[in-house]
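Coordinates in review
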Amino acid sequence: MAKLVTIFGGSGFVGRYIARRMAKQGWRVRVAVRRPNEALFVKPYGVVGQVEPILANIRDDTSVRAAIHGADAVVNCVGTFDAGGKNNFQAVQNEGAARIARIAAEEGAARMVHISAIGADVDGNSLYARSKGQGEEAVREAFPDAMILRPSVVFGPEDQFFNRFAAMTRMGPILPVAGAETKFQPVYVDDVAHAAMLGALGEAEGGIYELGGPDVESFRVLMQRMLGVIRRRRLILNIPFFVAGIMGAVFDLLQTLTFGLFHNGILTRDQVRSLRSDNVVQDGAKTLTDLGISATSMDVVLDDYLWPFRPAGQYAEITENARNLRQE
C-alpha cells in the first residue's frame, strides 16, 4: 500500500503545493483542516481517493491523533497572523505545533516537517516571532530529527503579499508601507514545497533550514518591482515606525471594541514590531542550496499572476503594442 502523509493546513497557501507534490510522488495525502468542505479542491491533485480532506482541530489531542494515526510522515503548515481569539499565536504556533509533534512521535511517524518563519526566536521582539520560536523548540523536543523550514516572505499566485499591495494600488495614487527600508528575501512557494517534500520523503536530513530566494531587496524596492509588473505609477509613502505603531494600536483597539466584527487585517502593533527587523537568511544557515534546490526568481513568476491588476488586465501587452504602432 502507498505510504501516507498527513498535512496539517494542507489546503492553505503553502500546504496545497506540498500536497500536490506528495501526491505526484504516489503517496496518499491526508489534508487535515478545520473546514474540509472548503478544501475539496485538493482532491484532483491525485487519483480518486488519493488526496482526502479531513477534519482536524490542532487544539485538541483526540482530533490531532485521529488525523495522524497510520501516517508515515507528518507536515505542519498551520500558522496565523491573529494575536487574539481562540486560534491565536500561542494556541496555533506554539501549543498546536507542540501537540502535532508530540503525537506524531507517539504514533510512530517516521518523519516530521514543520513550517516556521525567518525570525523565529523565543526572545524575539514580536509576539509572532516568539510564538514561532517556542513552537520550534517544542517540535525539536518531541521530534528531535524534525525538519524545520524558516521561509522569508513567500510569493506565488495565492500569496497575501504582492496580491494585497497590488490590490491597494487601485485605491489611489499613494501606496503606504511601514518599514520601507526593511529587507526581505522572497521565496517562491513551490520551492518551499519542494524542500518540505524532500523532508517528508526522507531524502534530506532534519534540522533548521532558512529559505530565501535569489534576491534580497527592501520593502520599497519590492513595491517598485510590483508596480513595474502591473504597469502602474504610485507614490510609495513610508510610514515612520512610531506613526505605524499608533495606527496599529488604533486598529487593534477597534477590533477589541467591536468584539472582532472589525477584523484588523490592515496593520497590527505586532506587525510593526516585526517590520523593525530584516527578514533575510542569516549567514551560516542551511538553505535551499543545501537541499539541492535552485531558488526561483521573482522575475520568472510575478507576471504570471499579477497581470489582473494592470489597468488593461490581460490586454495590457496588446494595448501597449497598439500604442507603439500609433507612435511609429
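The present account deals with the structure reproduced in this document. (Residues numbered from 1 in each chain as written. Predicted model: local features only at pLDDT ≥ 70, side-chain atom pairs only at ≥ 80, totals over all residues. Heavy atoms only, no water.)

Notes on the overall build of the protein chain
Note the following rule: By definition, any uninterrupted DSSP run of H or I lasting at least four residues is a helix, any uninterrupted run of E lasting at least two residues is a strand, and each is numbered from the N terminus. Throughout, the radius of gyration refers to the C-alpha atoms, and the reference size of a globule is 2.2 Å times the residue count to the power 0.38. Burial classes follow relative accessibility: with a 1.4 Å probe on protein chains only, a residue under 20% of its type's maximum area counts as buried, one over 50% as exposed, and anything between as partly exposed. Contact between two residues is taken to exist if any of their heavy atoms lie within 4.5 Å; hydrogens are not considered. In short, Shrake-Rupley with a 1.4 Å probe defines the accessible areas, and a residue's cover is counted only from the protein chains shown.
Helix and strand counts for the protein chain come out as 11 helices and 13 strands. The C-alpha atoms of the protein chain give 21 Å as radius of gyration, which agrees with the globular expectation for 328 residues (20 Å, within 12%). Each principal axis of the C-alpha atoms in the protein chain carries an extent, and together these give about 65 × 45 × 40 Å. By the burial criterion, 49% of the 328 residues in the protein chain qualify as buried. Put simply, 74% of the contacts in the protein chain that link residues at least 6 apart link residues at least 24 apart. With the model as given, the accessible surface of the protein chain reaches about 15800 Å², and the carbon-plus-sulfur share is 53%.

A few points about the pairing of strand β6 (residues 147-151)
Rule in force here: The rule for pairing is simple: two strands pair if DSSP sees at least two bridges between them. If the strands point away from the viewer and the path from the first strand over the helix to the second runs clockwise, then the crossover is right-handed.
Of all five residues making up β6, five are buried, and the element is well covered by its neighbours. Residues M147, L149 and P151 line one face of β6 and the alternating positions I148 and R150 line the opposite face, and both faces are buried. Two elements, strand β5 (residues 111-115) and β6, share three bridges in a ladder whose sense is parallel. By the bridge assignment, H114 is partnered in β6 with I148. For the crossover from β5 across helix α4 (residues 127-142) to β6, the handedness is right-handed. Sheet topology note: the β6/strand β11 (residues 207-211) ladder contains five bridges and is parallel. By the bridge assignment for β11, I148 is matched with I208.

What to know about the nonpolar core
The test is simple: By convention a nonpolar core is built from buried Ala, Val, Leu, Ile, Met, Phe, Trp, Tyr and Cys residues, the set being connected through side-chain atoms within 4.5 Å.
In terms of nonpolar packing, the biggest core is built from 72 residues, with I18, F162, M223, M226 and L306 touching the most fellow members. Considering each element in turn, this core owes the most residues, nine residues, to helix α6 (residues 189-201). Not counting residues within four places of it along the chain, the set of residues in contact with M223 comprises F161, F162, F165, L175, V177 and I236.

A word on the sheet that holds β11
So the rule is basically this: Helix axes are fitted to C-alpha atoms over the stretch in contact, other axes to C-alpha atoms as well, and angles between N-to-C directions run from 0 to 180 degrees.
Strand order in the open sheet formed by seven strands is β3-β2-β1-β4-β5-β6-β11, with parallel pairing between adjacent strands. The sheet terminates laterally at β3 (51-55) and β11, the two strands that pair on one side only. On average, each strand axis in the sheet is inclined to that of its neighbour by 20 degrees, with strand direction left out of account. Note that strand β1 (residues 4-8) and strand β4 (residues 73-76) share four bridges and pair parallel. Looking across to β4, one finds that V5 is bridged to A73.

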